[in-house]
Amino acid sequence: MRLFQRFEVWLLLIAGGIAVWWSFQSDAPGDEGGPVAEMNADAPLQLRRCTLERDFGNARLDLEIRYKNTSPRPLFMQPPDVRLINAAGKDVPPFILPLERPASVEAQTTSDIRLRFWLEKADLAGPLTLEIRGQKLEVKNSTPLDLEKLENKKPKVWTSAAWGL
């Protein structure tokens, strides 16, 4: 039998090679050179950028933050270590894509990472606070944001906790 003369075998080998290559790629978002809010360089938790994209009655929030992991173990950015808390004190659920690996910060390092959350309309009525292992960061201030004023599928970007339209 001539195994390597079959088209299906070559197709599987190429797909496997692409899958191996993709698994070794970094998930860290690149520095795009956009405006960054003034921040304390020594702070262990810093807000870099908030991107809100309306999806009809809900919205996806992408947070780009810098986090300094002082722990001797890596930190995987998932609940219960990482939480986004709304004004009612409830956790906002993370937005998870099936092919995306969870963000992580290696032990004793500082990394820029992206966290995603799935917001409901009520979550935008008050403040949003990101909590990572007891450290808190204000993501959105108490000024209400009307989701209906945002255009569907058009991202809106902020570099501070003061969200306004």
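Please refer to the structure placed before this passage.
Residues numbered from 1 in each chain as written. Predicted model: local features only at pLDDT ≥ 70, side-chain atom pairs only at ≥ 80, totals over all residues. Heavy atoms only, no water.

Peer 1: Quick question: what am I supposed to make of the overall build of the protein chain here?
Peer 2: Helix and strand counts for the protein chain come out as one helix and 10 strands. For the protein chain, with 165 residues in total, the buried portion stands at 32%. Once local pairs closer than 6 in sequence are excluded, the contacts in the protein chain between residues at least 24 apart make up 62%. (Helix = DSSP H or I, 4+ residues; strand = E, 2+ residues; numbered from the N terminus. Buried < 20%, exposed > 50% of the residue type's maximum accessible area, 1.4 Å probe, protein only. Contact = heavy atoms within 4.5 Å.)

Peer 1: Just checking my understanding: could you explain a nonpolar patch on the surface for this structure?
Peer 2: A contiguous nonpolar surface patch, about 610 Å² in accessible area, is contributed by Ile14, Ile18, Trp21, Trp22 and Leu99. By the element assignment, Trp21 lies in helix α1 (residues 7-23). (Patch = residues over 30% accessible without salt bridge, like charges linked within 9 Å, V, L, I, M, F, W, Y side chains within 5 Å. Areas by Shrake-Rupley, 256 points an atom, 1.4 Å probe, with all protein chains shown as cover. Salt bridge = Lys/Arg side-chain N within 4 Å of Asp/Glu carboxyl O.)

Peer 1: Explain the sheet that holds strand β1 (residues 45-55) to me, please; I cannot follow it from the model alone.
Peer 2: Through backbone hydrogen bonds, the strands of a sheet pair up, either in parallel or in antiparallel fashion. Strand order in this open sheet of four strands is β7-β2-β1-β10, and the pairing throughout is antiparallel. Whereas interior strands pair on both sides, the edge strands pair on one side only; in this sheet they are β7 (109-120) and β10 (156-158). Pairs of neighbouring strands in the sheet enclose a mean axial angle of 15 degrees, with direction left out of account. Note that strand β2 (residues 58-69) and β7 share 12 bridges and pair antiparallel. If you follow Arg66 over to β7, its bridge partner there is Asp112. (Pairing = 2+ DSSP bridges. Axes fitted to C-alpha atoms, helices over the stretch in contact; angles between N-to-C directions.)

Peer 1: Would you take a moment to explain the pattern of salt bridges for this structure?
Peer 2: When the charged atoms of two side chains lie near each other, side chains of opposite charge can form a pair. Within the structure shown, the criterion is met by 13 salt bridges. Across the salt bridge formed by Arg66 and Asp112, the nearest N and O atoms sit 2.7 Å from each other. Separated by 46 residues along the polypeptide, Arg66 in strand β2 and Asp112 in strand β7 bring together distant segments of the chain. A residue is classified by how much of its surface remains accessible, and Arg66, at 27% relative accessible area, is partly exposed. Residue Arg116 pairs with Glu100 through a salt bridge whose shortest N-O separation is 3.8 Å. Taken together, the residues Arg116 in strand β7 and Glu100 in the loop between β5 (91-92) and β6 (104-105) connect sequence positions 16 residues apart. The class for Arg116 is buried, based on a relative accessible area of 14%.

Peer 1: What is the right way to read unusual backbone geometry from this model?
Peer 2: For residues that are not glycine, phi is negative in most cases, and the peptide bond is trans in most cases. Following Pro79, the chain continues to Pro80 via a peptide bond in cis, the omega torsion being 10 degrees. Inspection of the secondary structure puts Pro80 in the loop between β3 (75-76) and β4 (82-85). Phi at Gln108 is positive, roughly 60 degrees, even though this residue is not glycine. Checked against the element boundaries, Gln108 lands in the loop between β6 and β7. With phi around 65 degrees, Lys153 is a residue other than glycine that occupies positive phi space. For Lys153, the position within the fold is in the loop between β9 (135-140) and β10.

Peer 1: So what exactly am I meant to see when it comes to the side chain of Asp123 here?
Peer 2: Considering the arrangement of structural elements, one finds Asp123 in the loop between β7 and β8 (128-132). For the buried residue Asp123, which engages in no salt bridge, the nearest side chain bearing the opposite charge is Lys90, 8.5 Å off. Here the side chain of Asp123 touches Asn86 through a polar contact of 2.8 Å, side chain to side chain. From its side chain, Asp123 meets the backbone nitrogen of Glu120 in a polar contact 2.9 Å long. Contacts of Asp123, omitting those with residues within four sequence positions, involve Asn86, Val92, Trp118 and Leu128. (Lys, Arg positive; Asp, Glu negative; His and termini not counted. Polar contact = N/O pair within 3.5 Å; in protein donor to acceptor, adjacent residues only side chain to side chain.)

Peer 1: Would you explain the sheet that holds β9 in this entry?
Peer 2: If you trace the four strands from one edge of the open sheet to the other, you get β5-β4-β8-β9, paired in antiparallel fashion. Looking at strand neighbours, the two that pair on one side only are β5 and β9, the edges of this open sheet. Bridge count between β8 and β9: five bridges; the pairing is antiparallel. When the sheet's bridge partners are listed, Leu130 is paired in β9 with Leu137.

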